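Summary of structural features
Spelled out from the first residue to the last, the chains are:
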Amino acid sequence: MATRERVLSGMRPSGRLHLGNYLGALANWVKLQDDYDCFYFSADWHVLTDRNDVSDVPQATIEMAADWLGAGLDPQRSTLFIQSLIPEHAELHLLFSMVTPVSWLERVPTYRERIEQQEIASPSYGLLGYPLLQSADILMYKARYVPVGIDQAPHVELTREVARRFNNAFGPVFPEPDVKLTEIPKVPGTDGRKMSKSYGNDIELADSTETIRAKVRPMVTDPARKRRSDPGNPEICPVFDLHKIFTPAADREACATGCRTAGIGCLDCKEVLLKHMLPPLGAIRERRQTYAEKPDVIREVLVEGSRRARVIAQHTMTEVRAAVKLLP
Ligand code: SF4
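From a predicted model like this one, the values you see are computed outputs, not experimental measurements. (Residues numbered from 1 in each chain as written. Predicted model: local features only at pLDDT ≥ 70, side-chain atom pairs only at ≥ 80, totals over all residues. Heavy atoms only, no water.)

**Notes on the overall build of the chain**
The helix and strand inventory of the chain stands at 13 helices and five strands. Computed over C-alpha atoms, the radius of gyration of the chain comes to 22 Å, within 12% of the 20 Å expected from 2.2 N^0.38 for 328 residues, which places it in the range of a compact globule. Among the 328 residues that make up the chain, the fraction classed as buried is 50%. Taking the intrachain contacts of the chain between residues at least 6 apart in sequence as the baseline, contacts between residues at least 24 apart amount to 78%. Carbon and sulfur atoms make up 54% of the accessible area of the chain, which totals about 15,900 Å². Separation of charge centres in the chain, based on 42 positive and 43 negative side chains, amounts to 2 Å. (Helix = DSSP H or I, 4+ residues; strand = E, 2+ residues; numbered from the N terminus. Rg over C-alpha atoms; globule rule 2.2 N^0.38 Å. Buried < 20%, exposed > 50% of the residue type's maximum accessible area, 1.4 Å probe, protein only. Contact = heavy atoms within 4.5 Å. Areas by Shrake-Rupley, 256 points an atom, 1.4 Å probe, with all protein chains shown as cover. Lys, Arg positive; Asp, Glu negative; His and termini not counted. Charge placed at Lys NZ, Arg CZ, Asp CG, Glu CD.)

Take a look at the structure:
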């Protein structure tokens, strides 16, 4: 059998995942398992670029991995690992930092945005160097593709530049990875803004049927539909954005027509959505629950995956150290 091309991606361990995380990344990770040699990791060192108290990270990692497994990541087919269990990433980051101009890092859009949005007066080196650590994460495994949304594409471009720069300085060690752009559907939260844990408007993969119902029923709709008799516009309604994801075309069209003609009320429309969104989410939740009840099994999956990943990392670092020629 031909060797499968390798895909690598990571997530920060921020606890339970919501529908936006699932539809924006995880569902795609699950699909990629069919065609690629997939490496997925918990980017726990990256959390330290935000804050120094990371005592919640071990539990958050278990919760996140329960969602991974519940959504269908298969540890027999994919290597699931924890970044900080593989210290070789730090060594490669250090060596990359020797060939990377500071100006390359300063122009990364996410760095500039975070400094401006969070008004960080004195950014740490870790924050500046975080895309370089990402480059080390990717190049360590010589990944062919990195599945990311458009906002992360500049990080992969930086990774390609770093690979070229290293190869020019020390010899050809690293292939240049390509972006595999992930189509990210619009996933509104219950208040109509982008779904986000920090807004408190999210629907978690772990949520029970009752909780999802309780979140969807009062969800924000087209503000022009104040009364049942007012016609609405599905194209500006966040509930309809969820219909586009979950509801088959015939039922979706019926809802759109009913909305425009005031033939149905918003609660009727939400019931149709719930009919279609609850079964797939229920299947994920049930599978997730069987893992969540056995955190030791999740830990074993991550430790075993990290052991497998580390073998590759050690092999890469042997090549890297030979190329750098630092040792006698
Ligand atoms: S009927 Fe449906 S699409 Fe129309 S405003 Fe209400 S919830 Fe939104």
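From this point, the discussion proceeds with the structure in view.
**Some thoughts on the state of the cysteines**
Counted according to the given criterion, the structure contains zero disulfides. In this model cysteine 255 remains outside any disulfide bridge; the closest cysteine sulfur is found in cysteine 269, 4.2 Å from its own. (Disulfide = S-S within 2.5 Å.)

**Observations regarding the site of the ligand**
Around the ligand, a shell composed of Thr221, Asp222, Arg225, Pro234, Cys237, Val239, Cys259, Cys266 and Cys269 is seen. Within the shell around the ligand, the residues separate by chemical class into six nonpolar, one polar and two charged. (Near = heavy atom within 4 Å. Nonpolar A, V, L, I, M, F, W, Y, C, P; charged D, E, K, R; others polar.)

**Here we look at the environment of proline 123**
On the secondary structure map, proline 123 appears in the loop between helix H6 (109–117) and helix H7 (125–140). Proline 123 gets classed as partly exposed once you look at its relative accessible area, which sits at 28%. Every residue in contact with proline 123, bar those within four places of it in the chain, is listed here: Tyr111 and Ile115.

**Quick word on the side chain of histidine 155**
Tracing the sequence through the fold places histidine 155 in helix H8 (residues 153–170). When its relative accessible area of 2% is taken as the criterion, histidine 155 is described as buried. In terms of polar contacts, histidine 155 uses its side chain to reach the side chain of threonine 110, at 2.7 Å. When sequence neighbours within four positions are dropped, the list of residues in contact with histidine 155 reads Val108, Thr110, Tyr130, Pro131 and Gln134. (Polar contact = N/O pair within 3.5 Å; in protein donor to acceptor, adjacent residues only side chain to side chain.)

**Focus on the environment of valine 320**
For valine 320, the location among the structural elements is in helix H13 (residues 295–324). Here valine 320 falls in the buried class, since its relative accessible area comes to 0%. Taking C-alpha positions, valine 320 is 6.9 Å from valine 173, a pair spaced 147 residues apart along the chain. Apart from the residues within four sequence positions on either side, valine 320 is in contact with Leu92, Leu95, Phe166, Val173 and Phe174.

**A short note on the pairing of strand S5 (residues 178–181)**
The pairing of strand S4 (residues 145–148) with S5 spans four bridges and is parallel. When the bridges of S5 are listed, valine 146 appears paired with valine 179. Taken together, S4, H8 and S5 form a β-α-β motif whose crossover is right-handed. (Pairing = 2+ DSSP bridges. Right-handed = clockwise from strand over helix to strand, strands pointing away.)

**Brief notes about the environment of histidine 93**
Residue position: histidine 93 is located in helix H4 (residues 88–97). Residues histidine 93 and glutamine 134, spaced 41 residues apart in sequence, show a C-alpha to C-alpha distance of 8.4 Å. Apart from residues no more than four positions distant in its own chain, histidine 93 is found in contact with Tyr125, Gly129, Leu132, Leu133 and Ala136. Looking at histidine 93, its side chain comes within polar contact range of the main-chain oxygen of glycine 129, at 3.5 Å.

**Looking at helix H12 (residues 266–292)**
For H12, the principal kink sits at leucine 278 and spans about 30°; a proline, proline 279, occurs within the next four residues. Where H12 is buried, its residues touch helix H1 (19–32), helix H3 (57–71), helix H9 (209–216), helix H10 (238–246) and helix H11 (249–260). (Bend = angle between axes of the 7 residues up to and from the residue.)

**Some points on the pattern of salt bridges**
Within this structure, the stated rule accounts for 31 salt bridges. With its nearest N and O atoms 3.0 Å apart, the salt bridge here joins glutamate 235 to lysine 244. In this structure, aspartate 296 and arginine 299 form a salt bridge, with 2.7 Å as the shortest nitrogen-oxygen distance. Highlighted residues: aspartate 296 and arginine 299, both in helix H13, separated by three residues, approximately one helical turn. Salt bridges sharing partners connect three or more residues here, namely Glu5, Arg144, Glu157, Arg160, Arg164, Glu176 and Asp178. (Salt bridge = Lys/Arg side-chain N within 4 Å of Asp/Glu carboxyl O.)

Everything listed here is a matter of geometry and, on its own, says nothing about what the molecule does.
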